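Each chain, letter by letter, is given below.
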Amino acid sequence: MRRILVAGNWKMNLLADAGTSLSQALAAKYPIAAVEVLICPAFPYLSGVAATIRGSAVQLGAQNLYFSPQGAFTGEVSGDMLKDVGCGWVLVGHSERRQFFGEQDELLAKKVAAGLQHGLKVVLCVGELLTERQSGQMEAVLKKQMAGLALVSAEQMANVVIAYEPVWAIGTGVTASTEQAQQAHAFLRGQLTSRYGDAVSATTRILYGGSVKADNALELLSQPDVDGALVGGASLKADSFIAIVEAGIQAMSHKR
Ligand code: PEP
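To start, this report covers the structure provided alongside it.

Rules behind the numbers
Residues numbered from 1 in each chain as written. Predicted model: local features only at pLDDT ≥ 70, side-chain atom pairs only at ≥ 80, totals over all residues. Heavy atoms only, no water. Axes fitted to C-alpha atoms, helices over the stretch in contact; angles between N-to-C directions. Helix = DSSP H or I, 4+ residues; strand = E, 2+ residues; numbered from the N terminus. Parallel < 35°, antiparallel > 145°, perpendicular 65-115°, else oblique. Left-handed = near helix turned anticlockwise from the far one by under 90°. Contact = heavy atoms within 4.5 Å. Nonpolar A, V, L, I, M, F, W, Y, C, P; charged D, E, K, R; others polar. Phe/Tyr/Trp six-rings, centres within 6.5 Å; stacked < 30°, edge-to-face > 60°. Buried < 20%, exposed > 50% of the residue type's maximum accessible area, 1.4 Å probe, protein only. Pairing = 2+ DSSP bridges. Salt bridge = Lys/Arg side-chain N within 4 Å of Asp/Glu carboxyl O. Expected span 1.5 Å × (residues − 1). Near = heavy atom within 4 Å. Polar contact = N/O pair within 3.5 Å; in protein donor to acceptor, adjacent residues only side chain to side chain. Areas by Shrake-Rupley, 256 points an atom, 1.4 Å probe, with all protein chains shown as cover. Core = buried A, V, L, I, M, F, W, Y, C linked by side-chain atoms within 4.5 Å.

**Re the packing of helix α10 (residues 214-221) against helix α11 (residues 238-255)**
Okay, so step 1: The geometry of α10 relative to α11 is characterised by a closest axis approach of 8 Å and an angle of 25 degrees between their N-to-C directions. In terms of orientation, α10 lies roughly parallel with respect to α11. The handedness of the crossing between α10 and α11 is right-handed. Of the residues in α11, those touching α10 at A214, A217, L218 and L221 are A243, I244, A247, G248, Q250, A251 and K255.
Okay, so step 2: Per-class residue counts for the contact of α10 with α11 are eight nonpolar, two polar and one charged.

Structural data, given as structure tokens:
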């Protein structure tokens, strides 16, 4: 049984006060939780949010890392540092990192490996552009992006989650249909089987991301191969994020 994970990617949003209020509300709502709940604030606020959610079921992640543990890499943040400020998780390969910062699979593979080496759980994000989907390349693109796992052993996969985020659905209000999401997730699970075998494939969680909202979350999360959500816009307000977590709890009880 794969435990549903609902993750909020705050991106470059929320100053200290807003982030504190939001994390306080989530920590108060989830002293314990039937699903996993993760929030990923911007770097400057990680320590503060770590203090706010301490003792609750809400977990902390960063949105990015650099692969070296320390050194002359101005402006970068290592996995060691993330662990040190209380992160348990890190996102790698978000489409905005790929699109605006030129991050490619080879670099992302090093980032995934570094996160794992430093004891972080890693969410590796993959997803096709609209043009790639329209020209029938979705599967080829996803297969290529799974090279982000190039340096990950089968044992380490226990600490890896894949997030399928079709780029055309991120921040657009256009959500993949449940069929499109399920189809892509099943394809990705097949890729995990080819790389690691049935046992790893059956236990690795694959999240859906792309305009997940309170009103579409339950349907998406109820799909057999959808094991959670990576949420951008709707994770910035307590009400909407909590509604998605609650949909996760409901979907989880159907899947039992
Ligand atoms: C994201 O950026 O990971 C995301 C899914 O954003 P949104 O929910 O706003 O589409």
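**Quick word on the packing of aromatic side chains**
Okay, so step 1: Tallied over the full model, the rule gives three aromatic pairs.
Okay, so step 2: Aromatic pair Y164 and Y208: ring centres 6.3 Å apart, planes at 55 degrees, arrangement tilted. Here Y164, found in strand β6 (residues 160-164), pairs with Y208, found in strand β7 (residues 206-209); they are 44 residues apart in sequence, far enough to count as distant.
Okay, so step 3: Judged by relative accessible area, which is 1%, Y208 ranks as buried.

**Comments concerning the sheet that holds strand β4 (residues 89-92)**
Okay, so step 1: Ordered by their spatial adjacency, eight strands build a closed barrel running β1-β2-β3-β4-β5-β6-β7-β8, and the pairing between neighbours is parallel. Adjacent strand axes in the sheet meet at a mean angle of 25 degrees, parallel and antiparallel pairs treated alike.
Okay, so step 2: With five bridges connecting them, strand β5 (residues 121-126) and β6 associate as parallel partners. Opposite C125, over in β6, you have A163 as the bridge partner.
Okay, so step 3: Across the sheet, helix α8 (residues 178-196) touches β5, β6 and β7, and the angle it forms with β7 is around 145 degrees.
Okay, so step 4: Against the sheet, α11 engages β1 (5-9), β2 (36-40) and β8 (228-231), with an angle of about 160 degrees to β1.

**Topic: the pattern of salt bridges**
Okay, so step 1: Taken as a whole and assessed by the stated rule, the structure comprises 11 salt bridges.
Okay, so step 2: Between D225 and R2 there is a salt bridge whose closest N-O contact spans 3.9 Å. Here D225, found in the loop between α10 and β8, pairs with R2, found in the segment before β1; they are 223 residues apart in sequence, far enough to count as distant.
Okay, so step 3: For D225, a relative accessible area of 14% puts it in the buried group.
Okay, so step 4: Close ionic contact of K111 with E103 constitutes a salt bridge, the shortest N to O distance being 2.8 Å.
Okay, so step 5: A residue is classified by how much of its surface remains accessible, and K111, at 2% relative accessible area, is buried.
Okay, so step 6: One salt-bridge network, in which partners are shared between bridges, spans R2, R189, D225 and D227.

**Digging into helix α5 (residues 105-117)**
Okay, so step 1: Between the first and last C-alpha of α5 there are 18 Å, a value that for 13 residues agrees with the 18 Å anticipated at 1.5 Å per step.
Okay, so step 2: Taken as a whole, α5 has its buried residues at D105, L108, A109, K111, V112, A113, A114, G115 and L116.
Okay, so step 3: On its buried face, α5 is in contact with β4, α4 (95-101), β5, α7 (138-145) and β6.
Okay, so step 4: G119 sits one or two positions beyond α5 and adopts a positive phi of about 80 degrees.

**Focus on the site of the ligand**
Okay, so step 1: Near the ligand you find 14 residues, and of these K11, H94, E165, G171 and S211 are the closest.
Okay, so step 2: G232 is positioned with one of its backbone polar atoms (N or O) 2.8 Å from an oxygen atom of the ligand.
Okay, so step 3: Here the ligand loses 97% of its free accessible area of 290 Å² to cover by the protein chains.
Okay, so step 4: Looking at side-chain class alone, the shell around the ligand contains four nonpolar, eight polar and two charged residues.

**Things to note about the nonpolar core**
Within soluble globular proteins, side chains that are nonpolar generally end up buried alongside one another.
Okay, so step 1: One finds L82, L149, I162 and Y208 to be the most contacted residues of the largest nonpolar core, which totals 69 residues.
Okay, so step 2: By residue number, the principal contributor to this core is α11, which donates eight residues.
Okay, so step 3: In contact with I162, not counting residues within four places along its chain, are L124, V126, M146, L149, L188, T204, R205, I206 and L207.
Okay, so step 4: The next biggest cluster of nonpolar side chains, apart from the first, holds 12 residues, and it includes L5, A7, C125 and V161.

**So, the side chain of H118**
Okay, so step 1: Mapped onto the secondary structure, H118 falls in the loop between α5 and β5.
Okay, so step 2: Here H118 falls in the buried class, since its relative accessible area comes to 18%.

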